[in-house]
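Structural description and commentary
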Amino acid sequence: MKQLKKSAKLANVLYDIRGPIMDAAKQMEEDGQKIIKLNIGNLAVFGFDAPEEIQQDMIRNLPTSAGYSDSKGVFAARKAVMHETQKQGIAGVTLDDIYLGNGASELIAMSTNALLNDGDELLLPAPDYPLWTASTSLSGGTPVHYLCDEDNGWMPNLADIRAKITPRTKGIVVINPNNPTGALYSDALLKSIVEIAREHGLVIFADEVYDKVLYDDVKHTAIASLSSDVLTLTFNSLSKSYRSCGYRAGWLVVSGDKRAARDYIEGLNMLSNMRLCANVPGQWAIQTALGGYQSINELVGEGGRLRRQRDLAYELITAIPGVSCVKPSAALYMFPKLDPKVYPIQDDRQFFLELLKETRVMLVQGTGFNWATPDHFRIVFLPHEDDLREAINRIAKFLEQYRLRRKTES
């Protein structure tokens, strides 16, 4: 029988957030084991409900949601996004510059497909949200990772960005607030990235999905607000700030000088038309979400659930010998480091698969976020405090046993 093989385009595609470790966890659950999942930012399963007014607006509009919408999206939702960009200080955005999608994920793939030819390069952060690397590869492009500096609070290394620009470089991806590190970038840093993009004629792809998930009274600046000339594509969604992952409601905003990008924008329009439209019921939630009460502020403020859980996770994980971590200023994650002298891991996927089997706690290894060395992992701090405490205590015991085994073997 002739064997059917997957496309060669998938050879360099990695998405370990839902990879082999998750497959093993599913099998363990089928065998009756209870898994504590610290692997994915899916808020609903941890009791974070979408705001009731969003739910009600979707329900009210269901009778009119059976047909296709405009390929770019429902007018009222796009208008709400336009108003949001005005509040952020992004100049010159019209309704035609806004595309609604099935989450930001669909729009990320659409934007890379419309831009990249075989061999074109896209600068991506390391560590990154792996969908960006996967989408670049699937689009025929070459992902080139610039370093974020852990010793500098996970800020992008500007010298490394400059060193990796070639004649094939088409754009630079900026994930701010950052997934997986929880870092928030300063205005000065963002302005430097804008200047690099201006100097080399690069498109900026700004992934700002966590722009409202901010701790300790820090402020987020939309990078598109810092220039009126650099072509910038900004991605956002309801998934995190509005706890609505399953609604698949995201948006893409094109800003900056669009005159030289007319052909690229035509490509975006073609791809937008080809998928007909985004999920219509989810689109009806956007206007209510952006214009309504911002309940995320209660969760991230002093005494809020997300802030308490961030503080607890940070306290517990950094108390483990040989584990350090930059405290996140934003988002739902932290990216701890395992000291290679204490934990000389060769294969971090296998290491965290063993951790899952022994502790029933699911994590994602650092190389799953295109981090080059097997010495990091990502923690999602969404579970309730009791579950979070239990999970990290199990991790601590597993690491203690690892240290004891190494001591015995040496």
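Details of the structure are given in the entry above.
Our subject in this report is the structure included herewith.

Cut-offs used in this document
Residues numbered from 1 in each chain as written. Predicted model: local features only at pLDDT ≥ 70, side-chain atom pairs only at ≥ 80, totals over all residues. Heavy atoms only, no water. 1 Å grid on protein atoms, 1.4 Å probe; cavity = no way out; pocket = protein on both sides within 12 Å on 5 of 7 lines; lining within 4 Å. Points joined across faces, edges and corners; volume = space filled by probe spheres on them. Helix = DSSP H or I, 4+ residues; strand = E, 2+ residues; numbered from the N terminus. Nonpolar A, V, L, I, M, F, W, Y, C, P; charged D, E, K, R; others polar. Buried < 20%, exposed > 50% of the residue type's maximum accessible area, 1.4 Å probe, protein only. Contact = heavy atoms within 4.5 Å. Salt bridge = Lys/Arg side-chain N within 4 Å of Asp/Glu carboxyl O. Pairing = 2+ DSSP bridges. Core = buried A, V, L, I, M, F, W, Y, C linked by side-chain atoms within 4.5 Å. Axes fitted to C-alpha atoms, helices over the stretch in contact; angles between N-to-C directions.

Details of empty space enclosed by the protein
- Within this structure, the stated rule accounts for 1 cavity of 30 Å³ or more.
- Estimated volume of the largest cavity: approximately 90 Å³.
- The wall of the largest cavity is formed by 13 residues, among which Glu 84, Gln 88, Thr 234, Asn 236 and Trp 251 lie closest to the centre.
- Residue assignment for the lining of the largest cavity shows that the elements contributing at least two residues are helix H3 (75-88), strand S8 (232-237) and strand S9 (250-255).
- Of all the elements, H3 adds the most residues to the lining of the largest cavity, at 4 residues.
- When grouped by side-chain class, the residues that make up the lining of the largest cavity number 6 nonpolar, 4 polar and 3 charged.

With respect to the environment of Gly 250
- Relative to the elements of secondary structure, Gly 250 occurs in strand S9.
- For Gly 250, a relative accessible area of 0% gives the class buried.
- Sequence spacing of Gly 250 and Ala 396 is 146 residues, and the spatial spacing of their C-alpha atoms is 37 Å.
- Those residues within four positions of Gly 250 in sequence are excluded, and the remaining contacts are Tyr 99, Leu 100, Gly 101, Gly 103, Ala 104, Leu 107, Asn 236 and Ser 237.

Brief notes about the pattern of salt bridges
- Overall, the coordinates contain 22 salt bridges when judged by the stated rule.
- Between Glu 29 and Lys 37 there is a salt bridge, with its nearest N and O atoms 3.2 Å apart.
- Judged by its relative accessible area of 33%, Glu 29 is partly exposed.
- The class for Lys 37 is partly exposed, based on a relative accessible area of 32%.
- Between Arg 259 and Asp 257 there is a salt bridge, with the nearest N and O atoms lying 2.7 Å from each other.
- By sharing partners, the salt bridges in this structure join Asp 216, Glu 302, Arg 307, Arg 310, Asp 311 and Lys 327 into a single network.

What to know about unusual backbone geometry
- Of the consecutive residues Ala 126 and Pro 127, the connecting peptide bond is found in the cis state with omega at 5°.
- Of note, the bond from Asn 176 into Pro 177 is cis; its omega dihedral lies within 30 degrees of zero at -5°.
- Examined against the element boundaries, Pro 177 turns out to sit in the loop between strand S6 (169-175) and helix H7 (187-200).
- The backbone of Arg 243 shows a phi angle near 50°, a positive value even though the residue is not glycine.
- Tracing the sequence through the fold places Arg 243 in the loop between S8 and S9.
- By relative accessible area, which is 7% here, Arg 243 ends up buried.

Some points on the sheet that holds strand S15 (residues 377-380)
- If you trace the 3 strands from one edge of the open sheet to the other, you get S11-S15-S14, paired in antiparallel fashion. In this open sheet, the two edge strands, each paired with only one partner strand, are strand S11 (333-334) and strand S14 (364-365).
- When S11 meets S15, the two strands line up antiparallel, connected through 2 bridges. Paired with Tyr 333 across the bridge in S15 is Val 380.

A short note on the nonpolar core
- If you look at the biggest cluster of nonpolar residues, it comprises 79 residues, and the most contacted ones within it are Phe 205, Leu 233 and Leu 306.
- Ranked by residues supplied to this core, first place goes to helix H13 (residues 385-409) with 7 residues.
- Excluding residues within four positions of it along the chain, Phe 205 makes contact with Ser 111, Leu 115, Leu 122, Trp 132, Gly 171, Ile 172, Val 173, Val 174, Leu 233, Phe 235 and Tyr 264.
- The next biggest cluster of nonpolar side chains, apart from the first, holds 28 residues, and it includes Ala 183, Ile 196, Ile 204 and Ala 206.

What to know about the sheet that holds strand S5 (residues 155-156)
- Pairing is mixed in the open sheet, where 8 strands are placed in the order S2-S9-S8-S7-S6-S3-S4-S5. Each having just a single partner strand, strand S2 (98-101) and S5 make up the two edges of the open sheet.
- Where S2 and S9 come together, 4 bridges link them in antiparallel fashion. Paired with Gly 101 across the bridge in S9 is Gly 250.
- In the packing of H3 onto the sheet, contacts are made with S2 and S9, and the angle to S2 comes to roughly 120°.

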